[in-house]
Amino acid sequence: MRGNCIILHAKTSKATVLQVYRMYTKVNMGNNNLRLYFIDAMRAWAILMMLQGHFVDGLLDNAFRDNSNGVYSVWKYFRGVTAPVFFTVSGFIFTYLLIKGNEIGFNNPRVKKGIKRGLQLLAIGYLLRLNFFGLLKGQIYGSFYLVDVLHCIGLSILGIIGIYLLTISRNRYLFPGVLLATTIVLFVLEPNYKQYAHHYLPEMMANYLTKANGSVFTIIPWFGYASIGAFMSVLFNRFKNFKYLYPAAIASFIIVGIGLLFYSSGFFLKLYNWTGMLVFSKVYFNNYLFIRLGDVSLVFAVFMLFRKFMSHSSVLKIGQSTLSIYVIHYIILYGSFTGLGLYYFLNHSLSPTIVIPGALAFMVITTMLALQYERNKVYIKLQLSSAVRLVQQKGEAWLNEEGQPLLKAFVLKSKLTLIRLFRMVKN
């Protein structure tokens with residue numbers, strides 16, 4: 001092994017591949033002393049809450065969706081916390097890794113990795129909405145163009161990189177300042193821009209800006225949570241050597257969280273009375289973005305407070321496997337590629353006595369499958385690479401031995417047909 005490079009040959013055994021990969025992983029984890037484990041624990045919590053939330057919301061019978069029921073209303077509220085936490089944590093962890101080195105701008109290797117990761121998430125987001133049965137009919141269904149969480153997180157990563165490249169070399173306060181300002185502007189102006197359906201744009205692009213066509217998430221205002229997460233990570237990085245970092249951070253997050261939860265609406269009403277600007281009154285009447293940000297702040301405080309109890313390897317592995325968990329849950333629940341998922345067969349048809357244990361089983365099975373995939377990821381990719389190479393070799397051999405004469409005959413026939421057609425047109 002030279003440096004961090006691992007050369008794997010197609011004939012390498014599965015046991016050898018896994019052994020080398022685990023040794024490599026341990027070395028890298030040992031060198032990564034600055035990892036914030038409470039962030040991985042938060043990601044694990046958020047992805048598990050997403051699993052049960054999607055399962056219950058998709059399969060619970062409408063007759064049991066009663067907002068006056070205390071249990072259901074509490075579940076519904078906390079389900080609404082999941083996505084803001086997930087976006088904020090995604091922005092936090094990506095930016096923390098982006099700025100922790102000494103290189104800045106395009107010299108920072110994290111920029112290239114981030115661009116690749118953002119594009120990868122966009123590609124996976126569209127791939128999960130692809131229906132192979134539709135492709136066989138020569139159709140791409142409208143649901144393929146809808147925007148979901150992966151699209152927005154991928155685009156958010158690209159957005160953070162763009163802000164980073166434009167600001168990082170100018171002033172040390174400009175990068176975090178623009179991130180904070182982005183969140184505030186997107187959240188305050190949300191009542192104004194959410195009403196536009198953007199019919200002037202192609203539907204594929206408009207779906208990033210409006211839910212009018214059925215998109216689950218839109219880049220605005222959700223990029224605001226990713227940018228505030230990025231802002232938090234800059235503060236953590238700047239004060240990482242401060243002796244009382246965690247006590248100060250916990251106290252700050254609690255104060256900000258309580259302030260946003262209980263006083264932000266009144267603050268915007270006062271701003272409206274003082275300035276007369278209608279946008280502040282609109283925020284007051286539908287202040288869900290800032291209130292959810294208050295929830296996120298309190299979740300951060302709780303996980304930091306109990307960070308010493310959240311370093312269990314299983315929790316950390318779940319937090320580091322969120323993409324695999326998301327992909328597998330999407331295939332099982334919504335039937336990616338075939339349309340034949342649990343949602344297709346059991347859509348809004350189950351009672352709580354079935355949904356609750358079913359959600360728990362769904363969480364366990366999906367997580368176990370994802371962790372098993374992560375354990376064997378290198379070997380699986382090696383086998384896929386070998387299979388693709390084998391198909392390529394077989395195709396080239398067929399083309400050289402049998403396919404070439406057929407191809408030549410096809411080209412010759414096409415040429416004669418075109419010549420005859422040209423003569424007919426000329427005559």
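Residues numbered from 1 in each chain as written. Predicted model: local features only at pLDDT ≥ 70, side-chain atom pairs only at ≥ 80, totals over all residues. Heavy atoms only, no water.

Asks: Mind showing me how you'd approach the overall build of the chain here?
Replies: The helix and strand inventory of the chain stands at 18 helices and zero strands. Relative to its full complement of 427 residues, the chain shows a buried share of 41%. A separation of at least 24 residues holds for 77% of the contacts in the chain among residues at least 6 apart in sequence. Accessible area for the chain stands at about 24800 Å²; split by element, carbon and sulfur atoms hold 66% of it. (Helix = DSSP H or I, 4+ residues; strand = E, 2+ residues; numbered from the N terminus. Buried < 20%, exposed > 50% of the residue type's maximum accessible area, 1.4 Å probe, protein only. Contact = heavy atoms within 4.5 Å. Areas by Shrake-Rupley, 256 points an atom, 1.4 Å probe, with all protein chains shown as cover.)

Asks: Sorry if this is basic, but what is going on with the side chain of Thr210 here?
Replies: The topology assignment puts Thr210 in the loop between α9 (203-206) and α10 (219-238). Among the polar contacts made by the side chain of Thr210, one reaches the main-chain carbonyl oxygen of Tyr196 at a distance of 3.5 Å. At 3.0 Å, the side chain of Thr210 and the backbone nitrogen of Ala212 are in polar contact. The residues contacting Thr210, other than those within four sequence positions of it, are Tyr196, Ala197, His198, Ser215 and Thr218. (Polar contact = N/O pair within 3.5 Å; in protein donor to acceptor, adjacent residues only side chain to side chain.)

Asks: Mind showing me how you'd approach the confidence of the model for the chain here?
Replies: Do not read the fine detail of predicted coordinates wherever pLDDT is low. When pLDDT is averaged along the chain, the result is 86, and 84% of the positions lie at 70 or above. Averaged over each element, pLDDT in the chain is lowest for helix α1 (residues 14-31) (47) and highest for helix α7 (residues 174-188) (97). Low pLDDT, under 50, characterises residues 1-11; the stretch is placed with 12 contacts to residues that sit more than four places away or in other chains. Overall, residues 24-34 carries pLDDT values under 50, and its contacts beyond four positions in sequence, including any with other chains, amount to five contacts. (pLDDT = per-residue confidence, 0-100.)

Asks: Explanation requested: the packing of helix α15 (residues 322-334) against helix α17 (residues 352-375) in the structure shown.
Replies: Helix-helix packing is characterised by the crossing angle of the two axes and by the distance between the axes. Look at α15 against α17: their axes get within 9 Å of each other, and the N-to-C directions meet at 130 degrees. The angle between α15 and α17 falls in the class oblique. For the crossing formed where α15 meets α17, the hand is right-handed. Across from Ser324, Ile325, Ile328, His329, Ile332 and Leu333 in α15, the residues of α17 making contact are Phe362, Thr366, Thr367, Leu369, Ala370, Tyr373 and Glu374. Classifying every residue of the contact of α15 with α17 gives eight nonpolar, four polar and one charged. (Axes fitted to C-alpha atoms, helices over the stretch in contact; angles between N-to-C directions. Parallel < 35°, antiparallel > 145°, perpendicular 65-115°, else oblique. Left-handed = near helix turned anticlockwise from the far one by under 90°. Nonpolar A, V, L, I, M, F, W, Y, C, P; charged D, E, K, R; others polar.)

Asks: Quick question: what am I supposed to make of the nonpolar core here?
Replies: For soluble globular proteins, the rule of thumb is that nonpolar side chains tend to be buried together. Counting residues in each nonpolar core, the largest one holds 99 residues, and the members touching the most others are Phe38, Ile39, Met42, Phe236, Phe300 and Met304. In terms of residues, this core owes the most to one element, helix α3 (residues 70-99), which gives 14 residues. Leave out the neighbours within four places in its chain, and Phe300 touches Phe38, Ile39, Met42, Thr88, Val89, Phe92, Met232 and Phe253. (Core = buried A, V, L, I, M, F, W, Y, C linked by side-chain atoms within 4.5 Å.)

Asks: Teacher, can you tell me more about unusual backbone geometry here?
Replies: As a rule of thumb, non-glycine residues mostly have phi less than zero, and peptide bonds are mostly trans rather than cis. In this structure, Pro221 follows Ile220 across a cis peptide bond, with omega equal to 15 degrees. Examined against the element boundaries, Pro221 turns out to sit in helix α10. In this structure, His198 takes a positive phi of about 55 degrees despite not being glycine. With respect to the helices, strands and loops of the structure, His198 is situated in the loop between α8 (190-193) and α9. We classify His198 as buried; its relative accessible area is 13%. If you check the backbone angles, His348 has positive phi at about 50 degrees while not being a glycine. By the secondary structure assignment, His348 is in the loop between α16 (342-346) and α17. Since its relative accessible area comes to 28%, His348 is described here as partly exposed.

Asks: Help me out: how do you make sense of the environment of Arg43 in this one?
Replies: Following the sequence through the fold, Arg43 ends up in helix α2 (residues 37-59). Accessibility expressed as a relative area gives 16% for Arg43, which makes it buried. Along the backbone, Arg43 and Val315 are 272 residues apart, and their C-alpha atoms lie at a distance of 9.2 Å.

Asks: Even after reading the chapter, I still don't get the environment of Ile163, so can you show me in this structure?
Replies: Mapped onto the elements, Ile163 comes out in helix α6 (residues 149-167). For Ile163 and Ser227, which are 64 residues apart along the polypeptide, the C-alpha to C-alpha distance reads 9.7 Å. Discounting residues that sit within four places of it in the chain, Ile163 has contacts with Phe175, Val178, Leu179, Thr182 and Phe223.

Asks: I'm lost on a nonpolar patch on the surface in this one. Help?
Replies: On the surface, Phe133, Leu136, Leu340, Tyr344, Phe345 and Leu346 cluster together into a nonpolar patch covering about 680 Å² of accessible area. Counting residues per element, the ones that place at least two in the nonpolar patch are α5 (132-136) and α16. If you tally residues by element for the nonpolar patch, the top one is α16, at three residues. Residue class for Tyr344 comes out exposed when judged on its relative accessible area of 56%. (Patch = residues over 30% accessible without salt bridge, like charges linked within 9 Å, V, L, I, M, F, W, Y side chains within 5 Å. Salt bridge = Lys/Arg side-chain N within 4 Å of Asp/Glu carboxyl O.)

Asks: Sorry, what's going on with the pattern of salt bridges here?
Replies: Oppositely charged side chains are able to pair whenever their charged atoms sit close together. According to the stated counting rule, one finds six salt bridges in the structure shown. Put simply, Arg43 and Asp40 hold a salt bridge, and the shortest N to O gap is 3.0 Å. Taken together, the positions of Arg43 and Asp40, both in helix α2 and three residues apart, correspond to about one turn of that helix. Both residues of the pair, Arg43 and Asp40, count as buried. Taking the shortest distance from any N to any O, the salt bridge between Asp57 and Arg65 comes out at 3.2 Å. Asp57 gets classed as partly exposed once you look at its relative accessible area, which sits at 28%.

Asks: So what exactly am I meant to see when it comes to α17 here?
Replies: Residues separated by three or four positions in an α-helix point in the same direction, a consequence of the helix having 3.6 residues per turn. The end-to-end C-alpha separation of α17 is 34 Å, in line with the 34 Å expected for 24 residues at 1.5 Å each. All buried positions along α17 are accounted for by Val355, Gly358, Ala359, Phe362, Met363, Thr366, Thr367, Ala370 and Glu374. (Expected span 1.5 Å × (residues − 1).)

Asks: Sorry, what's going on with the packing of aromatic side chains here?
Replies: The description of two aromatic rings rests on the distance between their centres and on the angle between their planes. One pass over the structure, following the stated rule, counts 31 aromatic pairs. With a centroid separation of 6.1 Å and 85 degrees between ring planes, the pair formed by Phe38 and Tyr246 is classed as edge-to-face. Here Phe38 is found in helix α2, whereas its partner Tyr246 is found in helix α11 (residues 245-275), with 208 residues between them in sequence. A ring pair is formed by Tyr164 and Phe175, whose centres lie 5.7 Å apart and whose planes are at 80 degrees; its orientation type is edge-to-face. One end of the pair, Tyr164, is in helix α6; the other, Phe175, is in helix α7, with 11 residues separating them in the sequence. Taken individually, Tyr164 and Phe175 each receive the classification buried, so the pair is uniform in this respect. These aromatic residues form a ring-pair network of at least three members: Phe87, Phe187, Phe217, Trp222, Tyr225, Phe267, Phe268, Phe280 and Phe290. Positioned above the aromatic ring of Tyr173, the side-chain terminus of Arg172 is 5.2 Å from the ring centre. (Phe/Tyr/Trp six-rings, centres within 6.5 Å; stacked < 30°, edge-to-face > 60°. Lys NZ or Arg CZ within 6 Å of the ring centre and 35° of its normal.)

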